[in-house]
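# Topology and contacts: notes
Next come the chains, spelled out residue by residue.
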Amino acid sequence: MIYQILVILVIVFFIILILQKRNSEKTGFREFSRNFLKEMIDQIKSFKEISKTNNGFGFLKKSVFSLAVLMFFILVLSSMLPVISGNAMSGLFLILHLLAAPVFVICVTVFVVLKAHDFQFSNAELKYLLDKMNSNVSKEKVKEPESFRLKVYFWIFVLFVITAILSVLLSMYPIFGTNGQITLLDIHRYSVLVLLSVFGFALVNKFAQKN
Amino acid sequence: MQKNKDRSIPGKISKIFLLTFILLSVSYAKDNKIGDNPDGSRAIPVHVIKLIDPDSSVIWLDETPLMPFSTEKTCGACHSYQTVRKGWHFNAGDSGVAAGRNGQPWIYSDPYSASQIPLSMRDWQGAFKPAQIGMSNFDYIARFGRQMPGGSVGDDENAQSLEMFWRWQVSGKQEINCLSCHDAERSHDQAEYAAHIIRQNFRWAATAASGFASVKGSAKDMPDNYDIYAGSATLPSRAIEPAVSYQSERFNDKSEVFFDITRDVPDERCYFCHSNKTIDSRRTETWHFDEDVHLKAGMHCVDCHRNGLDHDITRGYADDSRSDMMQLSLTCKGCHLGTDDNTQFAGRLGAPKPLHEGIPAIHFEKLSCTSCHSGNRPEENLLQLKTSMAHGIGLHKTNKNDQVLPHIITPVFVENENGVIEPNNLLWPSYWATLDSNKLVPLEIQLFAEVTRPIIAHLDSLGTGDWPVLADSTLSKVLDSLQTKISRGKAVYVSAGKIFYLDDQNNLRNKDHEQAKPYTWPIAHDVRPASQALGMNGCADCHSLSSPFYFADIRKDTALKQAGLQPLSMTDLMGQNYLESRLFSFSFLFRPWLKYLMFVCSFILIAVIIIYGFKGFSRILTAVSENEKDNSTGR
């Protein structure tokens, strides 16, 4: 029940953000939807462009990232829709979830391995971080580097992907009893909720940077 | 002479007191008898009591004729009979009692009419009331009372129809037979009780079963004007009047008899009506089967199925509307895990807490405990079951053929109204009916037996009690004959989930019909040990393409020779999509790969986090030290 409420809250939060954007643009619903979708895709694409270096895996990175995003949405939809309707995931949703999960795991792993280098914090970003933590430095003087927040989201995303994978992996072995299984399922579900929120915030962050 | 009346005030007061005392005593005695409220002693009171006949007279051995004792009068002297008769075993005829989930029905079966019809006095979905097939309450008791402990319509004068009034007078009521359950005497013969019920000796059956009396004769053979005291002037030849003889050595000089009464009903007493025999060609001997694991651990049926004076025995399932906290604590979950809002009773009687290691929690939402732990394990070819209630097993003259009707299929997995899957037994109803405005109304058994018997009776298979083999031509012939007997609608034969009828050109047709669906009822026993539960061998016990749990075909058991009757899929009863279930099971072929993949990927991701974490940490330390350097040099 708590989880169901949280999912709905996260979704409502993003809907409010989208509606706010629509109000600010003052366009019709159709036009807004079209523009919004286009912008979303552009934003997702732009995640890939953070790299300043080209290590020769351009096509692979693009494919893997696109596939990961697609699978992520399938995973989220197949799990959240039954949750919102108050049911357990079963039937077609469960099968979709099962089919998308391994592809997502592979894509995310490959993407992280290829991209982790690009998402390292630069010296300027680390300095920004230290300045933020240093009470002697005036906060107004500290300017956030352009991709700092995105990199934070990236590492949080990786951390919770690991949590989500491990929680499911462990539940497949006869290690944990009923209470343990319930805890693992909760860890999995809340990790995914964090992933979804991080993904959403990353998008919002990109919007904010763009606007 | 004028009587010397006491008109003094103390005299009047004492009279008022006396009257009040008598009234209170009478009303108290009516509600609370000596045996109604236990004083807390766990010892069993010795029952050396007088036998009282149905006319409330004490039975003396020198009386003529000797009457059977009445449990209502004998046991009812100390225990509130009217309270007891509200109990679950005795209240089926009370329409005010909630029916609860489907239970095992009584099954009218007759190979000569190729019929097996689930019957119940309760409003169980898919079962018919006896009256719907033209069976009077008297016939119902005479046929099925053999394995009833009495009470219900057999003990209710309001349930006796006027047409059967004289038969009831001859046979007497089928009172609650307290001894059916509570008599610990080893010579108590419940099969003898059944035999006398079949002979319509309702009044005599309890006495006949007791270990200290014998009954001869048959009320069934007595004419309607037979009087139990005066007999009848017109007894049919070779008919023997019902008569009792008691073992005189069992009576003391006060004409009292010792009853070996036990509060804790022995399992064998329950088994007389609740035995099952699995028909399995690989396991033909009794010793090939194990009993319920609880009984083997030293428990008894009544350790879980308990009741108080009201005898409203717990049925043991969580959704029973009668259940309160204490009753819920006697369900599988209540005893082994505790209920959601009460765990203080978990583990009672030493119930171990199950670990269920590696079983995803969704299983406990979608499956009942019994799905994995109870009944026979599902197999590709589902098994057949004989039960006491359906086949009269345990009776003196029972047909021991394995294929005798009715045919009960086990186990099938059915989704209940709460969306939980549980193991069930299944019966394909087969009967003759009229179809009017797409509604099926079963024909009265006397009517269709009259038509079917001359046509079906000569078929060879009947000696076994099994289905006769009905060819299309035979079926058409019966339907044609039945049509002439009915005034409204079309004559149909209901079987295998379909209705069979003759079209306008007299061609035999069939179609599915909602009312032809199988009758199913949940099972809970025998409980298998955890080591034999489904899932002990891994997910593939259920989640594989060859798993009978999902994919066993439920054969359409019928007398019909017709080909092309597609078996029912288990997924249909589970309310699941067959293709989805196949796909899901198929995915388990790749489950080991998925595990390896997830293990490798999570290992790589953790490695990335660690490597870049260390790198980041080292750079932070460098940045901090540079910052400190800058600060110290004053730059």
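Residues numbered from 1 in each chain as written. Chains lettered and ligands numbered in written order. Predicted model: local features only at pLDDT ≥ 70, side-chain atom pairs only at ≥ 80, totals over all residues.

## Some words on the overall build of chain A
The secondary structure content of chain A amounts to seven helices and zero strands. Expressed as a percentage of the 211 residues in chain A, the buried residues total 23%. Here the analysis covers contacts within chain A between residues at least 6 apart in sequence; of these, 67% occur between residues at least 24 apart. (Helix = DSSP H or I, 4+ residues; strand = E, 2+ residues; numbered from the N terminus. Buried ≥ 20, exposed ≤ 12 C-beta atoms within 10 Å, placed from the backbone. Contact = placed C-beta atoms within 7 Å.)

## Details of the sheet that holds strand S14 (residues 498-502) of chain B
All names here are of chain B. On the basis of which strands lie adjacent, the open sheet formed by five strands has the order S12-S11-S13-S14-S15 and antiparallel pairing. At either end of the open sheet lies a strand with only one pairing partner, and these are strand S12 (439-442) and strand S15 (508-512). The average angle at which neighbouring strand axes cross in this sheet is 35°, direction not considered. (Pairing = 2+ DSSP bridges. Axes fitted to C-alpha atoms, helices over the stretch in contact; angles between N-to-C directions.)

## So, the confidence of the model for chain B
Looking at chain B, pLDDT values average 89 and 94% of them are 70 or higher. Confidence metrics for the complex model read pTM 0.85 and ipTM 0.86. (pLDDT = per-residue confidence, 0-100.)

## Quick word on the packing of helix H7 (residues 190-198) of chain B against helix H8 (residues 202-209) of chain B
Residues and elements named next belong to chain B. Remark: H7 packs on H8, axes separated minimally by 8 Å, with the N-to-C direction vectors making an angle of 165°. When the interaxial angle is binned, H7 and H8 end up roughly antiparallel. With respect to the hand of their crossing, H7 and H8 are arranged in right-handed fashion. Side by side, H7 and H8 meet where Gln190, Glu192, Tyr193, His196 and Ile197 of the first sit next to Phe202, Trp204, Ala205, Ala206, Ala208 and Ala209 of the second. In terms of residue class, the contact of H7 with H8 is built from eight nonpolar, two polar and one charged. (Parallel < 35°, antiparallel > 145°, perpendicular 65-115°, else oblique. Left-handed = near helix turned anticlockwise from the far one by under 90°. Nonpolar A, V, L, I, M, F, W, Y, C, P; charged D, E, K, R; others polar.)

## With respect to the domain arrangement of chain B
Taken domain by domain, chain B holds domain 1 (7-37), domain 2 (47-100 + 134-259) and domain 3 (595-633). Distance between the C-alpha centres of domain 1 of chain B and domain 2 of chain B: 35 Å. (Domains from an automatic or database assignment.)

## Some thoughts on the environment of His407(B)
Residues and elements named next belong to chain B. Of note, His407 is situated in the loop between helix H16 (388-391) and strand S9 (408-415). Expressed as a C-alpha distance, the spacing of His407 and Thr64, which sit 343 residues apart in the sequence, is 47 Å. When neighbours within four sequence positions are excluded, His407 is seen to be in contact with Gln116, Gln384 and Asp557.

## Focus on the nonpolar core
One broad rule of soluble globular proteins: the nonpolar side chains tend to lie buried together. Among the nonpolar cores identified, the biggest contains 94 residues, and Ala205(B), Trp432(B) and Val492(B) are the most heavily contacted of them. The greatest single-element share of this core, amounting to six residues, is contributed by H8(B). Beyond its immediate chain neighbours, meaning those up to four positions away, Trp432(B) contacts Ser115(B), Leu443(B), Phe448(B), Leu482(B), Ala491(B) and Tyr493(B). In this structure, Val7(A), Val110(A), Phe111(A) and Trp155(A) belong to the second largest nonpolar core, which totals 37 residues. (Core = buried A, V, L, I, M, F, W, Y, C linked by C-beta atoms within 7 Å.)

## Here we look at the packing of helix H17 (residues 445-456) of chain B against helix H18 (residues 472-485) of chain B
All names here are of chain B. Contact pair H17 / H18: the axes reach a minimum separation of 10 Å and the direction vectors enclose 145°. The way H17 lies across H18 gives a crossing that is right-handed. Between H17 and H18, the contacting residues are Leu447, Phe448, Val451, Thr452 and Ile455 on the first element and Thr474, Lys477, Val478, Ser481, Leu482 and Lys485 on the second. Looking at side-chain class alone, the contact of H17 with H18 contains six nonpolar, three polar and two charged residues.

## Comments concerning unusual backbone geometry
Residue and element names in this part refer to chain B. Of note, the bond from Leu405 into Pro406 is cis; its omega dihedral lies within 30 degrees of zero at 0°. For Pro406, the location among the structural elements is in the loop between H16 and S9. Here the residue pair His525 and Asp526 is connected by a cis peptide bond, since its omega of -5° sits within 30 degrees of zero. Even without being glycine, Gln200 reaches a positive phi, approximately 65°. Along the chain, the position of Gln200 falls in the loop between H7 and H8. Given 26 C-beta atoms within 10 Å, Gln200 falls into the buried group. Of note, Ala496 is a non-glycine position whose phi angle comes to about 55°, a positive value. Within the secondary structure, Ala496 is located in the loop between strand S13 (490-495) and S14.

## What to know about the interface of chain A and chain B
A common way to express how large an interface is: the accessible area buried when the components associate. The partner chain B presents 35 residues to the 38 residues of chain A that form the contact. Listing elements by their share of the side of chain A that touches chain B, those giving two or more residues are helix H4 (91-115), helix H5 (123-133), helix H6 (148-171) and helix H7 (178-210) of chain A. Here the side of chain A that touches chain B gets 11 residues from one element, more than from any other, and that element is H4(A). In terms of residue class, the side of chain A that touches chain B is made up of 29 nonpolar, eight polar and one charged.

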